[in-house]
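Per-entry structural report
Spelled out, the chains give:
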Amino acid sequence: ALTIISVLGLLFSFGYVYKNGWVKPKPTQPSSRTTNVHSNQYFAQKSSESASIAQRQKNEQNVLQQLQKSYSKNVGDVSFDQETKTYTITPNNAKYVKAVTTMWKYPKTNAKSIKTMSDNYLKMSRSIDKSLNGSYTLQVKRSKKGPVILSVKNGKATMMNESQQK
């Protein structure tokens with residue numbers, strides 16, 4: 001009797017497998033090969049991101065050097081804040097500081113000069129964004145200690161008149 005039950009159980013098992021197909025047990029852990037592929041992809045991506053960040057930082061420094069070279073003689077110093085992605089032009093040339101101060105003291109009289117200045121910095125900002133493939137701010141201060149008088153970002157120049165400044 002035990003033999004008949006064993007044979008029937010075996011036949012039932014074969015019938016079940018034949019009807020439903022062989023079901024592989026699901027592994028509780030992914031195979032080490034899959035894990036290695038994923039970890040290799042992860043590290044390759046991180047390495048690529050690091051290289052990309054390093055290249056961007058190098059490009060930002062190159063732009064800073066070009067701006068410093070362009071503005072040092074007739075305007076002043078240029079600095080870069082990497083955290084805010086902002087290039088700041090700080091005039092220290094006496095003639096430039098005087099001209100800018102006068103323009104902002106009498107904005108209606110100097111509207112054409114202010115517009116020309118704004119347009120020039122707008123072009124420079126677009127050039128920076130294009131060469132760095134990003135969105136950067138270019139701002140101009142009135143003097144070393146003075147407030148920001150012009151801020152350019154995303155193709156938009158924001159002028160700050162004396163009345164708007166702190």
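The preceding data block contains the structure.
Every value quoted in this text rests on a predicted model; they were computed, and no experiment measured them.

**Digging into the side chain of Ser125**
- Inspection of the secondary structure puts Ser125 in helix α4 (residues 111-132).
- Its relative accessible area of 2% is what places Ser125 among the buried residues.
- Those residues in contact with Ser125 that sit more than four places away from it in its chain are Tyr136, Leu138 and Val152.

**Digging into the environment of Lys73**
- Looking at the secondary structure, you find Lys73 in the loop between α2 (32-71) and β1 (76-81).
- The exposure class of Lys73 is exposed, given its relative accessible area of 70%.
- In this structure, the C-alpha to C-alpha distance between Lys73 and Asn93, residues 20 residues apart in sequence, is 7.6 Å.

**A closer look at the sheet that holds β1**
- Strands sit in the order β1-β2-β3-β4-β5 across an open sheet of 5 strands; the sheet is mixed. Every other strand in the sheet has two partners, leaving β1 and β5 (156-159) as the edge strands with one partner each. The average undirected angle you get between the axes of adjacent strands in this sheet is 15 degrees.
- Pairing of β1 with strand β2 (residues 86-91) involves 6 bridges; the strand directions are antiparallel.

Rules used in this analysis
- Residues numbered from 1 in each chain as written.
- Predicted model: local features only at pLDDT ≥ 70, side-chain atom pairs only at ≥ 80, totals over all residues.
- Heavy atoms only, no water.
- Helix = DSSP H or I, 4+ residues; strand = E, 2+ residues; numbered from the N terminus.
- Buried < 20%, exposed > 50% of the residue type's maximum accessible area, 1.4 Å probe, protein only.
- Contact = heavy atoms within 4.5 Å.
- Pairing = 2+ DSSP bridges.
- Axes fitted to C-alpha atoms, helices over the stretch in contact; angles between N-to-C directions.

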